[in-house]
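# Geometric and topological summary
Below are the chains, spelled out letter by letter.
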There are 4 protein chains.
Amino acid sequence: MSTATATPGDVKDRSLAEVGKKRIEWAFQWMPVLGSIRKEFQAARPLQGIRISACLHVTTETANLMITLRDGGADAVLCASNPLSTQDDVAASLVEDYGIPTYSIKGEDNDTYYAHIQAALDHKPHITMDDGADLVHQLHTERTELADGVLGGTEETTTGVIRLRAMANDGVLKFPIVAVNDAMTKHFFDNRYGTGQSTIDGILRATNVLLAGLNVVVAGYGWCGRGVASRARGLGASVIVTEVDPTRALEAVMDGFRVMPMSEAAAAGDIIVTVTGDKHVVGKHHFENMKDGAIVANSGHFNVELDLEGLASLAASRRTVREFVEEYTLHNGRKVFVLADGRLVNLSSAEGHPAAVMDMSFANQALAARYLAETHGHLAVGVHSVPEEIDKSVARRKLDSMNVRIDTLSDEQEQYLSSWQEGT
Amino acid sequence: MSTATATPGDVKDRSLAEVGKKRIEWAFQWMPVLGSIRKEFQAARPLQGIRISACLHVTTETANLMITLRDGGADAVLCASNPLSTQDDVAASLVEDYGIPTYSIKGEDNDTYYAHIQAALDHKPHITMDDGADLVHQLHTERTELADGVLGGTEETTTGVIRLRAMANDGVLKFPIVAVNDAMTKHFFDNRYGTGQSTIDGILRATNVLLAGLNVVVAGYGWCGRGVASRARGLGASVIVTEVDPTRALEAVMDGFRVMPMSEAAAAGDIIVTVTGDKHVVGKHHFENMKDGAIVANSGHFNVELDLEGLASLAASRRTVREFVEEYTLHNGRKVFVLADGRLVNLSSAEGHPAAVMDMSFANQALAARYLAETHGHLAVGVHSVPEEIDKSVARRKLDSMNVRIDTLSDEQEQYLSSWQEGT
Amino acid sequence: MSTATATPGDVKDRSLAEVGKKRIEWAFQWMPVLGSIRKEFQAARPLQGIRISACLHVTTETANLMITLRDGGADAVLCASNPLSTQDDVAASLVEDYGIPTYSIKGEDNDTYYAHIQAALDHKPHITMDDGADLVHQLHTERTELADGVLGGTEETTTGVIRLRAMANDGVLKFPIVAVNDAMTKHFFDNRYGTGQSTIDGILRATNVLLAGLNVVVAGYGWCGRGVASRARGLGASVIVTEVDPTRALEAVMDGFRVMPMSEAAAAGDIIVTVTGDKHVVGKHHFENMKDGAIVANSGHFNVELDLEGLASLAASRRTVREFVEEYTLHNGRKVFVLADGRLVNLSSAEGHPAAVMDMSFANQALAARYLAETHGHLAVGVHSVPEEIDKSVARRKLDSMNVRIDTLSDEQEQYLSSWQEGT
Amino acid sequence: MSTATATPGDVKDRSLAEVGKKRIEWAFQWMPVLGSIRKEFQAARPLQGIRISACLHVTTETANLMITLRDGGADAVLCASNPLSTQDDVAASLVEDYGIPTYSIKGEDNDTYYAHIQAALDHKPHITMDDGADLVHQLHTERTELADGVLGGTEETTTGVIRLRAMANDGVLKFPIVAVNDAMTKHFFDNRYGTGQSTIDGILRATNVLLAGLNVVVAGYGWCGRGVASRARGLGASVIVTEVDPTRALEAVMDGFRVMPMSEAAAAGDIIVTVTGDKHVVGKHHFENMKDGAIVANSGHFNVELDLEGLASLAASRRTVREFVEEYTLHNGRKVFVLADGRLVNLSSAEGHPAAVMDMSFANQALAARYLAETHGHLAVGVHSVPEEIDKSVARRKLDSMNVRIDTLSDEQEQYLSSWQEGT
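To start, this report covers the structure provided alongside it. (Residues numbered from 1 in each chain as written. Chains lettered and ligands numbered in written order. Predicted model: local features only at pLDDT ≥ 70, side-chain atom pairs only at ≥ 80, totals over all residues. Heavy atoms only, no water.)

## Quick word on the overall build of chain A
Worth spelling out the cut-off: Strands are runs of DSSP state E lasting at least two residues, helices are runs of H or I lasting at least four, and both sets are numbered from the N terminus onward. What the globule rule says is 2.2 Å times the number of residues to the power 0.38, and the radius of gyration is computed from C-alpha atoms. Any residue under 20% of the maximum accessible area for its type is buried, any over 50% is exposed, and the rest in between are partly exposed; the area is computed with a 1.4 Å probe on protein chains only. The contact criterion used is simple: two residues touch if any of their non-hydrogen atoms lie within 4.5 Å. Residue exposure ignores everything except the shown protein chains as possible cover, and the areas themselves are Shrake-Rupley values with a 1.4 Å probe. All tallies of charge rest on Lys and Arg as positive and Asp and Glu as negative; His and the ends of each chain are not included. By convention, the point assigned to a charge is CZ for Arg, NZ for Lys, CD for Glu and CG for Asp.
Scanning chain A from terminus to terminus reveals 18 helices and 16 strands. In terms of C-alpha radius of gyration, chain A reaches 23 Å, essentially the compact-globule figure of 22 Å for 424 residues. Within chain A, the proportion of its 424 residues that are buried is 64%. When contacts within chain A are restricted to residue pairs at least 6 apart in sequence, long-range pairs at least 24 apart make up 71% of them. In the structure as shown, chain A presents an accessible area of about 14,800 Å², 47% of it carried by carbon and sulfur atoms. Positive and negative charge centroids in chain A, built from 39 and 56 side chains respectively, lie 4 Å apart.

This is how it looks when you write it as structure tokens:
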């Protein structure tokens with residue numbers, strides 16, 4: 001593909017493209033929502049002439065988002081939102097097979113990482129896409145001259161949205177942002193169903209233990225925790241939940257789970273998983289009281305939820321006994337196994353969210369991009385929720401892809417509902 | 001109890017008091033949250049000198065709320081919020097055994113119903129308690145002179161809150177209202193767990209069918225629908241969900257249920273239950289296509305969800321075949337069984353919410369009354385949510401009653417959480 | 001119906017027939033398997049000229065069995081297998097509306113009970129039907145002259161089968177018996193699905209407690225225990241299992257339940273149900289250590305599983321607080337609630353097995369009667385299992401009634417299967 | 001370890017021993033039952049002087065069995081029971097680190113495979129251990145002179161037991177065999193819990209699809225099918241079961257699953273898994289009617305359950321799109337994905353049974369070996385079940401390892417039970 005080889009970019013090895021392409025196509029099979037949008041985009045070209053700079057994890061699913069944007073007419077480039085998460089074959093294929101400039105090498109050092117963000121900004125985007133707000137942050141600090149040309153941006157993550165809201169509150173944000181993370185069809189589904197399954201999957205791949213009959217402790221009963229607890233129970237485990245919020249704790253009880261403080265749960269658990277968003281949820285004294293052979297993993301926030309320094313201070317020795325499994329032998333003679341160094345176990349030892357989950361998330365991204373293009377810059381500066389019609393459209397497309405049909409309100413029903421709900 | 005007999009009130013038969021008392025005490029066993037508040041109220045008397053007029057369903061659980069208010073120092077009276085829901089033995093016992101003036105007779109006519117509300121208003125309340133806003137409505141239309149003396153009111157139901165919000169929007173509301181219904185520990189628990197169980201219970205008591213292996217159709221996947229669907233599945237049914245909202249429909253799919261339009265579901269269902277809040281969710285053409293022997297029940301909104309007139313027009317004959325079970329023999333030769341005349345099946349053929357559910361609801365009521373007393377009238381006119389500390393206190397007391405202990409954030413964790421969530 | 005009034009029998013009140021008939025017809029709706037057999041019997045009259053004496057619980061479901069036998073040509077009479085279980089309206093309707101001689105009055109004394117069995121034996125049966133072997137026992141002791149005329153009998157219960165096997169082993173049994181209880185489609189389904197649901201139903205009707213979040217202890221993890229445990233979990237309870245058999249205990253663990261000795265479980269349980277088949281499974285020391293407010297019920301064997309004498313010796317007082325609920329106030333100040341006096345809670349406070357369960361059981365009875373008629377007395381004396389083709393036929397008819405179709409083996413598949421399973 | 005290097009054997013690469021040892025130790029962590037037996041064996045040396053030839057899959061779990069036998073005093077050797085399943089690092093470690101002669105190289109050709117069995121037979125075993133009866137078969141055909149010295153053998157698999165029963169029936173079997181497969185703690189647990197989890201695990205590793213909301217078809221509702229169906233449901237799938245047996249089909253219905261013929265199920269399924277034990281359960285016409293993107297896997301019997309030749313005849317093209325995933329593009333334009341070439345998906349793309357499952361199986365093996373040693377050859381020739389006390393001992397040890405305690409019958413209870421069950 002002689003034209004494709006002319007595509008600029010900085011990837012590890014362009015010869016990996018063939019493998020990458022197959023994997024991108026496999027993922028696309030499982031992204032029917034994005035697929036339906038892509039078809040529309042190919043016909044209507046709603047992003048014609050729009051320059052998009054995206055700073056996302058360079059994975060097969062992201063590749064399909066980029067291709068969809070390209071097919072919608074956009075002139076899109078991509079850089080990595082994390083130095084470690086790049087799939088080099090995907091990056092190669094994007095450049096070689098799809099003509100999408102990509103700047104991203106797995107394991108790149110800090111300087112390269114920021115150089116790649118700069119390369120993406122050199123594209124002079126009309127729209128930014130972020131996963132953690134690094135691109136927008138760079139733009140607001142190093143490349144402020146670009147802000148005027150930006151119609152708006154999108155942000156994928158909780159962390160990024162928090163960061164951008166802080167910028168908005170401080171009055172420094174210079175263009176509107178659509179918080180894709182806030183869409184029901186994004187956070188509601190990826191936390192419960194995505195994290196629920198992939199966390200268990202990560203633990204099984206790392207350890208190959210039989211869950212049936214084990215005590216599995218899930219720290220945190222937010223949407224992620226519910227997902228993990230429900231899946232662990234579905235595989236035969238007896239699940240214990242720990243919480244700091246009494247309402248959530250009560251829900252866990254009413255859902256049939258045992259609830260207790262971590263100090264007790266740590267001693268009872270065969271497997272302990274944290275999904276709280278807070279630090280040192282499993283602390284030194286918890287590690288000290290664990291059963292011999294306890295397995296500990298984190299699927300919540302970065303790698304902060306386990307106090308691994310505290311654990312190390314209790315350990316007489318440590319060694320890797322299986323990929324992603326580190327054995328700590330404590331001075332008390334017991335062994336504790338920590339998975340994936342306390343990093344997100346679903347990303348580390350499994351493959352992160354299945355494509356079906358990213359499908360809905362990236363469908364929101366694609367439709368948010370079209371929405372920003374259609375605003376012609378008239379959207380107020382600030383952080384905006386995904387418009388409800390986009391959110392519902394994603395749900396509707398997903399149902400269509402599954403051949404699931406639903407009811408619609410008759411006029412009479414519509415009227416009845418509004419009459420009593422509006423209190424007239 | 002010679003003094004008690006002097007208690008005013010209008011009840012069916014004071015000699016029913018003994019039976020009522022036993023039943024009130026049985027319910028109290030299952031209301032540990034209200035019990036903990038009662039103990040505090042007995043010591044601190046936070047409602048000393050406060051006159052309360054309550055307009056609620058006169059049941060064993062309500063009796064325990066009234067006793068708790070009385071023990072907190074309140075001078076409380078009670079009238080019925082519905083002419084049909086009064087338990088006459090409970091009304092008798094409140095007057096005879098607990099000295100609480102009660103105006104309420106099961107099956108009272110419309111005039112008596114309103115006379116009873118007037119009797120409650122004659123009490124010149126500092127605080128009103130409503131279940132559907134009838135008391136407040138009467139006060140604002142017939143007894144406006146009383147409004148000045150009112151510190152505030154509470155409201156138990158969705159319907160009442162909608163009505164009061166409309167009054168507030170129209171500028172006619174004259175004092176603050178605490179919307180008890182909005183408390184997480186109220187609507188979140190009674191819809192899912194209360195309605196979930198009691199709906200199934202009502203169907204079983206009415207029919208004694210074996211749920212295992214049946215197709216159970218649940219119309220609506222709000223909190224009630226989730227509860228019913230989950231309980232039906234828990235008893236071995238294969239559950240089909242119908243919805244009009246794509247996001248909820250998608251959740252139902254992801255939760256492992258089949259989703260289809262009612263036109264298909266009606267033909268597939270062995271049992272069909274509506275919990276949508278809208279009218280004629282099961283319409284004439286649905287009844288026409290049902291299986292021979294289909295059972296249809298409503299556990300949603302009043303008796304509007306089933307189009308029973310439409311059904312009647314299809315029927316060659318009808319008769320009652322079992323208490324709460326009406327058999328319609330259609331012209332097409334098939335039989336359809338309607339439970340409880342399309343009225344709420346959990347209230348009609350079972351006993352409504354278990355005491356444990358009302359416990360949390362009425363704990364919110366009691367604490368909301370104390371809160372109103374403590375505001376000394378400084379709360380703004382309008383409809384207010386239950387303060388979060390009350391909501392969490394109810395959850396915490398419930399956990400305590402179950403001997404469930406939970407974690408608390410360390411200072412370090414509190415700080416970490418706020419640091420990243422606030423984006424600094 | 002002038003002829004019908006000539007039908008002999010001894011029932012409480014023939015004027016109850018109308019109510020009974022409605023209820024018999026309602027049950028028939030839920031007995032499609034028996035219905036399909038009845039239709040065949042009406043056409044083929046396989047029992048023409050056969051005299052049948054049945055000694056069964058006189059309920060709506062039994063009535064439909066009797067009607068089916070009659071429609072198959074049999075000359076059938078019925079007496080009660082238990083002095084307390086007769087539904088008098090059903091007995092009346094059998095005599096008045098269906099012309100089936102019935103000898104059975106609810107609450108009859110011992111003499112009447114045996115006189116009724118004698119009346120049934122006066123019928124000189126070709127086939128006996130028993131539920132506990134009382135009829136066969138009487139025949140073998142008091143009416144031995146009848147044995148020669150008997151082609152064979154059927155037996156419904158575990159207890160009866162055990163008794164008859166003992167008779168066979170002792171060489172005193174004089175004709176063949178088909179042990180209906182041994183059919184997969186009988187014990188396999190009524191224990192798991194029937195007892196599972198009806199036990200929970202009995203507890204809910206007796207107490208109206210909310211199961212969600214409660215600790216429910218199930219003693220025994222046989223088929224009944226599995227059923228109860230699974231249903232309790234399905235309603236949101238956290239289930240604890242007790243067992244004496246290590247393999248069953250291990251299964252319970254692997255199924256995600258907590259397993260512990262009753263001494264610990266009794267102290268942890270909010271509700272405790274016994275389904276073990278053994279006596280005093282909940283003993284005095286267990287009652288002593290229960291939580292305040294614990295609810296205890298039996299759904300296993302007669303009324304022997306709870307040591308109620310032991311409990312009584314611990315009690316300072318006792319009283320009935322709700323129908324089927326007896327409150328024991330112990331000297332330690334705690335209250336324990338015993339349901340239905342320790343008798344089978346599903347029969348006492350609910351309605352026993354749903355008709356759908358009895359349908360399969362009685363379908364086996366009807367087909368076993370035809371089988372006995374077809375043997376012309378050539379079946380060996382002894383206790384026989386239900387022939388596999390009858391068992392499978394019942395399953396197949398049940399599937400048909402639900403419109404469920406299944407696969408059949410191709411010749412090639414049949415051959416492959418037998419080739420490797422037979423090791424050639 | 002200079003002595004160890006003298007251990008004979010034929011393995012791929014002795015330098016792999018270090019990796020193998022770590023993995024053997026990791027598995028041992030999850031084999032507490034075998035661990036408890038090993039401890040006893042180390043003390044009592046019940047196999048002192050006994051020569052054992054084992055022909056098993058050479059895996060980490062088997063290694064721990066061999067070590068346990070060695071520690072019990074046995075002089076044990078090992079060869080592979082399958083040319084493909086050997087873990088070369090484990091074989092190396094057994095020879096190098098544990099001094100156990102091992103003859104097994106992954107991918108060995110047919111001649112080598114049989115030569116290795118001969119090498120194991122050269123050991124002149126007192127006890128044989130088989131997984132498929134190859135060793136016993138060789139002994140009975142090529143090495144008949146050895147039969148006299150054999151006390152007995154054990155057999156791990158269904159297939160092997162069938163083969164050996166056929167030999168016994170034909171009168172050619174020359175020594176007693178203990179059918180380990182028949183132990184409750186073997187087949188009951190590995191089919192339901194082991195195959196249940198590992199099949200799902202295999203599908204997830206191969207495809208990374210999100211199960212929630214998918215239609216998963218499980219062909220066969222034996223113990224494996226139940227396990228797979230229950231786990232798929234536990235992960236949010238809507239499960240469809242196909243069966244040829246009406247009783248099993250009915251159970252599946254009563255357990256809340258949809259049941260239909262494969263001709264319909266194939267068209268409805270997103271994922272289709274076979275666990276029937278029969279051939280071509282998914283045939284050409286089924287493949288033809290599948291949805292675009294359907295995933296098909298086998299976890300039942302060898303690779304016969306899918307008619308892949310039939311599928312190939314429908315395909316315009318095929319290619320591998322992911323490890324273990326072959327894409328067939330049919331002439332009708334739809335794609336079908338076949339996992340692991342139709343071989344057992346849990347072994348191919350996951351790691352087979354977790355160690356906890358093999359633990360119970362191999363505990364039965366070790367105790368059966370001790371049992372054979374203790375018979376001194378007095379056990380009758382033929383195929384014997386594992387003695388019940390061994391089976392229960394394995395369950396009891398497993399419970400002990402989980403700190404689960406259970407009840408024991410009192411004398412009074414023992415007596416009561418036997419009295420009514422024996423009909424006196």
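Still more to cover.
## Thoughts on the interface of chain A and chain B
Size of an interface: often given as the accessible area lost when the parts come together. Stated precisely, the cut-off is as follows: For salt bridges, the criterion is a side-chain nitrogen of Lys or Arg within 4 Å of an Asp or Glu carboxyl oxygen. Any N or O atom pair separated by 3.5 Å or less is treated as a polar contact, with the protein-specific requirement of one donor-capable and one acceptor-capable atom, and with residues adjacent in sequence counted only for side-chain atom pairs.
The interface of chain A with chain B comprises 57 residues on the first partner and 57 residues on the second. Inspection of the region where chain A meets chain B yields eight salt bridges. With its nearest N and O atoms 2.3 Å apart, the salt bridge here joins Asp245(B) to Lys392(A). If you look at where chain A meets chain B, you find 17 residue pairs in polar contact (both at pLDDT 80 or more).

## Some remarks on the relation of the copies chain A and chain B
Superposing the two chain copies requires a rotation about an axis and a translation along that axis. The condition is simple: The superposition of copies rests on a least-squares fit of C-alpha positions from residues with pLDDT of 70 or more in both.
Least-squares fitting of chain A to chain B yields an RMSD of 0.1 Å, with the superposition described by an axial translation of 0.1 Å and a rotation of 180°. Taken together, the rotation and translation relating the two chain copies correspond to the operation of a two-fold axis. Most of the interface of chain A is mirrored in chain B: 100% of its interface residues are interface residues there too.

## Thoughts on the relation of the copies chain A and chain C
Superposition of chain A onto chain C requires a rotation of 180° combined with a translation of 0.0 Å along the rotation axis, giving an RMSD of 0.1 Å. When the interface residues of chain A are mapped onto chain C, 100% of them again fall at the interface, so both copies present the same face.

## Some points on the packing of aromatic side chains
Convention followed: We call Phe, Tyr and Trp rings a pair once their centres come within 6.5 Å, taking the six-membered ring for Trp, and we label the pair stacked below 30 degrees between planes, edge-to-face above 60, and tilted otherwise. A ring is considered to have a charge above it if a Lys NZ or an Arg CZ atom is located within 6 Å of its centre and within 35 degrees of its normal.
Taken as a whole, this structure holds 28 aromatic pairs over all chains when the rule is applied. Where Phe337(A) meets Trp26(D), the ring centres are 4.7 Å apart and the plane angle is 85°; that geometry is what we call edge-to-face. In this pair, Phe337(A) sits in strand 15 (residues 335-339) while Trp26(D) sits in helix 2 (residues 17-29), so the two residues belong to two different chains. Across this residue pair, the class does not change: Phe337(A) and Trp26(D) are buried. Members of the aromatic cluster, each reached through a chain of ring pairs, are Phe188(A), Phe189(A), Tyr193(A) and Trp223(A). The ring of Phe188(B) has Arg192(B) sitting right over it, with the charged end atom 4.1 Å from the ring centre.

## Some words on unusual backbone geometry
Residues and elements named next belong to chain D. One non-glycine residue with positive phi stands out, namely Ala340, at about 50°. If you trace the backbone, Ala340 turns up in the loop between strand 15 (335-339) and helix 15 (345-348). A residue is classified by how much of its surface remains accessible, and Ala340, at 9% relative accessible area, is buried. If you check the backbone angles, His376 has positive phi at about 50° while not being a glycine. Tracing the backbone through its elements, the reader meets His376 in the loop between helix 16 (355-375) and strand 16 (382-385).

## Comments concerning the interface of chain A and chain C
Note the cut-off: A simple way to read buried area is as the amount of 1.4 Å-probe accessible surface that goes missing from two parts once joined, with both sides added.
In this assembly, eleven residues from chain A lie in contact with eleven residues from chain C. Across the chain A/chain C interface, buried area totals approximately 810 Å², and carbon plus sulfur atoms make up 62% of it. For the pair chain A and chain C, the interface holds zero salt bridges.

## Re the sheet that holds strand 11 (residues 271-274) of chain B
Residue and element names in this part refer to chain B. Rules: Pairing between two strands requires that DSSP report at least two bridges joining them.
One open sheet holds the eight strands; their spatial order is 10-9-8-11-12-15-14-13, and the pairing between them is mixed. Each edge of the open sheet is held by one strand with a lone partner, namely strand 10 (258-259) and strand 13 (315-322). As paired elements, strand 8 (residues 215-219) and strand 9 (residues 238-242) share five bridges and run parallel to each other. Across the sheet, residue Ala219 finds its bridge partner in strand 9, namely Thr242.

## Points about helix 3 (residues 60-71) of chain C
All names here are of chain C. Keep this limit in mind: Here a helix's expected span is defined as the number of its residues, less one, multiplied by 1.5 Å.
Taking 1.5 Å per residue as the helical rise, helix 3 with its twelve residues ought to reach 16 Å, and the 17 Å between its terminal C-alpha atoms agrees with that figure. Inspection of helix 3 places Thr60, Glu61, Thr62, Ala63, Asn64, Leu65, Met66, Ile67, Thr68, Leu69 and Asp71 among the buried residues, and these make up the whole buried set. Among the residues trailing helix 3, Gly73 stands out with phi positive, at a value near 105°.

## Topic: the pattern of salt bridges
Per the counting criterion, the structure on display carries 109 salt bridges over all chains. The shortest N-O distance in the salt bridge between Glu25(A) and Arg319(D) comes to 3.2 Å. On the criterion of chain membership, the pair formed by Glu25(A) in helix 2 (residues 17-29) and Arg319(D) in strand 13 (residues 315-322) is interchain, its members lying in two chains. You can call Glu25(A) partly exposed: its relative accessible area is 30%. Notably, a salt bridge pairs Glu25(C) with Lys21(C), separated by 3.7 Å at the nearest N-O pair. Of this pair, Glu25(C) and Lys21(C) both sit in helix 1 (residues 17-29), separated by four residues, roughly a single helical turn.

## Section: the pairing of strand 12 (residues 294-298) of chain B
Residue and element names in this part refer to chain B. Burial of strand 12 is extensive: five of the five residues sit out of reach of the surface. The pairing of strand 11 with strand 12 spans four bridges and is classified as parallel. Residue pairing across strands places Ile271 opposite Ile295, the latter belonging to strand 12. Of the pairings in the sheet, the one linking strand 12 to strand 15 (residues 335-339) comprises three bridges and is parallel in character. From the neighbouring strand, Val296 faces strand 15, where its bridge partner is Val338.

## Details of the environment of Val273(C)
All names here are of chain C. By the element assignment, Val273 lies in strand 11 (residues 271-274). Considered as a pair, Val273 and Gly73 are 200 residues apart in the sequence and their alpha carbons are 44 Å apart. Those residues in contact with Val273 that lie beyond four places of it in its chain are Thr199, Ile203, Val217, Val218, Ala219, Ala297 and Ser299.

## Topic: the side chain of Thr62(D)
Residue and element names in this part refer to chain D. Considering the arrangement of structural elements, one finds Thr62 in helix 4 (residues 60-71). Within the local environment of Thr62, its side chain forms a polar contact with the backbone oxygen of His57, the two atoms lying 2.6 Å apart. When sequence neighbours within four positions are dropped, the list of residues in contact with Thr62 reads Leu56, His57, Leu78 and Phe362.

## Considerations on the sheet that holds strand 8 (residues 215-219) of chain D
Residue and element names in this part refer to chain D. Overall, mixed pairing links the eight strands, which are arranged 10-9-8-11-12-15-14-13 in an open sheet. The open sheet has two free edges, formed respectively by strand 10 (258-259) and strand 13, since each of these has just one partner strand. Looking at chain direction, strand 8 and strand 11 (residues 271-274) are connected through four bridges and run parallel. Its bridge partner lying in strand 11, Val217 is registered against Ile272.

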